[in-house]
Structure formats: C-alpha cells, structure tokens
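Coordinates in review
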Amino acid sequence: MKYTTLGNTDIEVSRFCLGCMSFGDPASKMHAWTLNSAESETIIKHALDLGINFIDTANIYSAGTSEEYVGQALKKNIARDKVILATKVYFNEGHLSKGAIEREIEGSLKRLGTDYVDLYIIHRFDYNTPIEETMQALDKLVKAGKVRALGASAMYGYQFYNMQLAAELNGWTKFVSMQNHYNLLYREDERELIPVCKQFNVSLTPYSPLAAGRLSRLEWHTDTLRSKTDQTAIAKYDGMEKSDINIVQRVHQIAEKYKVTMTQIALAWQFARGVASPIIGATKTRYLDDAVGSLKVSLTKEDIDYLEELYKPHPIVGAL
C-alpha cells in the first residue's frame, strides 16, 4: 500500500479509502444490497490487511447502522489510533446549522464507539444556514478534540471557495479534503471545483471513481441487485449512456493493452489526475484486491488523452 497526507495536515492516509455505504441493515430501506454486520466486518478486515487505513462512512448511511457496523468491526480488529476514520453530516434535520452539527457529531461518535473522528465531512452545501455559522460550529468541534480535520463533499467551486474564505478570515479551521463526484464519465468538477481545491492544497478523495461499476466492465447494465435497484446510480449515469459507453470501450482497450482490469485503468487515471485517495465501496474482498492492483499501473500521456478524448459535458450531478 502507498500513503499520502491530507492537505496541509500530518494525517497519513492510504491511497484508497474504504467507502462504507455498502454496509448497514437493509431494513433501513436506504439500499437493498447492503451487507450485514458480519459481512461488513469481513470487508473491513480485508481492507485493513491490505494496508487501507482510511475508512469513510456517514450518519445517513442505512439510518446510522453503517456507523455502528464500522465501529464494531474496527474495535475488534485494529487500535483506534491506527485508522483514519471519517464520517459526514448534512442529510439530517437542520442540515449544517450549529444545533444540527452539535447533535449529529454526538450521534456519530456514539454509533462509531469512539470519542473523536479524524475527518468530519459536510455531505453537501447548506443553502439555508449562514456559512459563518457552519464554519464556526465545525471549528469548535476541532478545538474540542472531537474532530481532527474537516472535509467537504460535492458542491460548486464558488461555494467551497466562500467557505474556505470564511474560515480564513475568522481564524477557523479550513477544509483539507474534498469528496467530490469524479471519474472518467463525470469530469465537470475540472472546470472550477478541482482548481479551487488545488489553490487551497485540498486533497481530492472522490466518490464513485468507477461510476457505480460502469467503468469496470463492458456491459452497461448487469443483473446484480444493486444494478437493478440503485436508483441514485441510474439517475447519475444512464442518461448519458449513449455517449459514455464509448469511453467505457476505450477503458477496455487500454486494459487489454496492459493486460490489467478495467477497474485498474479507471483508478490509474484518477491517480494520474492528482487524486489522493479515491473512495472504494466493495461488497466482495476481491474487489479491493482488484482496486489495489491499480497502484502498479502507470498510464502514458497518450493513454490519458485517449481515455479523455470522447468526453462530452454532462448535467451537474452531486452539487445541489
């Protein structure tokens, strides 16, 4: 495994982050394909064995049961200070208001079974709460020792800039990571958000680096339970299938050229584009093994140009 640091911090994370949206009680009705506690622990333990020390969940995932499963698995398999634990806040009552942030961090800490998280991420931009209220509330969590560092997720570049500026002007804690929507089939953040992140030395930890599996296979549709029921992924990608399937075919061609998997090419492209740690959600251990293999793949400039050449502008997905 290879490692990097988040932004300007000394927090060292693996070049892959284990995404935990796949873990949780299906009875929560968030997703029908989530893994139970024992199955989740199997994936988490395998990730740890591979050297993945960066774990990402959220208060909203499977009504909090993802956090519970993660906390239980980590307690049984690794010392707390050996793992970088991230969770999120926004999709809850009050969104990013002071009261909501104070309430939600306590709920997350309780479910995770820890007294601090390494990275606390705002899941979206809150249009109804003043930026200063949000940033001050987050800063207080850092100063109280409940949070080590702050991250943000999908939003517009100007919104992220304004939040960083508010923190800078008031001496509050700034964001060190951005978990944005970014892959070969969705590159809209290259216009503004990613340049703003580079300006502030913010690490990119994108979600959906494989476009919900569409960059890992030649077939756009499959018969898996997730493919048939994941309405979020369907809404993100199926509208551009006609043009994007051509990019998928090029991923396959480059994979054939190097005799590696399509997953490894799609992830190697992320690293070539300066991504620090893509979020990998896995329901089988072999998916993690496949992803980690991308660290051995180096793409040429010609490869990158070939993979990117057919991209067409997409409707915005992620930023609300």
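Here's what I pulled together on the structure shown here. (Residues numbered from 1 in each chain as written. Predicted model: local features only at pLDDT ≥ 70, side-chain atom pairs only at ≥ 80, totals over all residues. Heavy atoms only, no water.)

A word on the overall build of the protein. For the protein, the count of helices and strands is 12 helices and 10 strands. At 19 Å, the protein has a C-alpha radius of gyration in line with the 20 Å of a compact globule built from 320 residues. The proportion of buried residues among the 320 residues of the protein is 57%. When the accessible surface of the protein is split by element, carbon and sulfur atoms take 51% of a total near 13,700 Å². Charge-centre separation for the protein: the mean point of 37 positive side chains lies 2 Å from the mean point of 39 negative side chains. (Helix = DSSP H or I, 4+ residues; strand = E, 2+ residues; numbered from the N terminus. Rg over C-alpha atoms; globule rule 2.2 N^0.38 Å. Buried < 20%, exposed > 50% of the residue type's maximum accessible area, 1.4 Å probe, protein only. Areas by Shrake-Rupley, 256 points an atom, 1.4 Å probe, with all protein chains shown as cover. Lys, Arg positive; Asp, Glu negative; His and termini not counted. Charge placed at Lys NZ, Arg CZ, Asp CG, Glu CD.)

A separate point is the nonpolar core. Membership of the largest hydrophobic core comes to 84 residues, with the highest contact counts inside it found for L18, Y120 and F160. Per-element tally for this core: the top contributor is helix α10 (residues 262–272), with seven residues. (Core = buried A, V, L, I, M, F, W, Y, C linked by side-chain atoms within 4.5 Å.)

Turning to unusual backbone geometry, a few remarks are in order. Although it is not a glycine, H95 sits at a positive phi angle of roughly 50 degrees. The exposure class assigned to H95 is partly exposed, which follows from its relative accessible area of 27%. One non-glycine residue, A212, adopts positive backbone phi at about 55 degrees. By relative accessible area, A212 is classed as partly exposed at 26%.

Evaluation of the coordinates by the stated rule reveals seven aromatic pairs. Both rings, one in F16 and one in F271, keep their centres 5.4 Å apart while their planes meet at 80 degrees; by these two values the pair is edge-to-face. Highlighted residues: F16 in the loop between β2 (12–14) and β3 (17–19) and F271 in helix α10, separated in sequence by 255 residues. Each of the two residues, F16 as well as F271, counts as buried. For the pair Y90 and F91, a centre-to-centre distance of 4.8 Å together with 85 degrees between the ring planes defines the contact as edge-to-face. Residue classification places Y90 among the buried positions, given a relative accessible area of 7%. Classification of F91 as partly exposed rests on a relative accessible area of 33%. Between R80 and the ring centre of Y116, over which it is positioned, the NZ or CZ distance is 4.0 Å. For R187, the ring lying beneath its charged end belongs to Y311, and the centroid distance is 4.8 Å. (Phe/Tyr/Trp six-rings, centres within 6.5 Å; stacked < 30°, edge-to-face > 60°. Lys NZ or Arg CZ within 6 Å of the ring centre and 35° of its normal.)

Turning our eyes to something else, we now look at the sheet that holds strand β5 (residues 84–89). Strand order in the open sheet formed by eight strands is β9-β8-β7-β6-β5-β4-β3-β10, and the pairing between neighbours is parallel. Where the open sheet ends on each side, the last strands, each with one partner, are β9 (203–204) and β10 (279–281). Its contacts with the sheet put helix α5 (residues 157–170) on β6 (117–122), β7 (147–153) and β8 (175–179), and the angle it makes with β8 is roughly 165 degrees. (Pairing = 2+ DSSP bridges. Contact = heavy atoms within 4.5 Å. Axes fitted to C-alpha atoms, helices over the stretch in contact; angles between N-to-C directions.)

Next up on the list: the packing of helix α9 (residues 241–258) against α10. Two elements in contact, α9 and α10, have axes whose closest approach is 8 Å; the angle formed by their N-to-C orientations is 105 degrees. If you check the angle between α9 and α10, you find them roughly perpendicular. Between α9 and α10, the contacting residues are V248, V251, H252, I254, A255 and Y258 on the first element and M262, I265 and A266 on the second. Partitioning the contact of α9 with α10 into residue classes produces eight nonpolar, one polar and no charged. (Parallel < 35°, antiparallel > 145°, perpendicular 65-115°, else oblique. Nonpolar A, V, L, I, M, F, W, Y, C, P; charged D, E, K, R; others polar.)

By the element assignment, Q179 lies in strand β8. Of the polar contacts made by the side chain of Q179, one reaches the side chain of D56; its length is 3.0 Å. Leave out the neighbours within four places in its chain, and Q179 touches D56, K88, I121, A152, S153, A154, T205, Y207 and I279. (Polar contact = N/O pair within 3.5 Å; in protein donor to acceptor, adjacent residues only side chain to side chain.)

Before going further, it helps to examine the pattern of salt bridges. All told, the structure shown has 19 salt bridges when counted by the stated rule. Linking R250 and E309 is a salt bridge whose minimum nitrogen-to-oxygen distance equals 2.7 Å. Of this pair, R250 sits in helix α9 while E309 sits in the segment after α12 (301–308); the two residues are 59 residues apart in sequence, bridging distant segments of the chain. In this structure E309 comes out as exposed when scored by relative accessible area, which is 54%. Across the pair D305 and K301 runs a salt bridge whose closest N-O atoms are separated by 2.8 Å. Pair noted here: D305 and K301 are both in helix α12, with a separation of four residues, about one helical turn. (Salt bridge = Lys/Arg side-chain N within 4 Å of Asp/Glu carboxyl O.)

Attention now goes to the environment of G318. Following the sequence through the fold, G318 ends up in the segment after α12. Counting along the chain gives 71 residues from G318 to I247, while the straight-line C-alpha distance between them is 21 Å. What G318 contacts, discounting residues up to four positions off in sequence, is R124, A154 and Y207.

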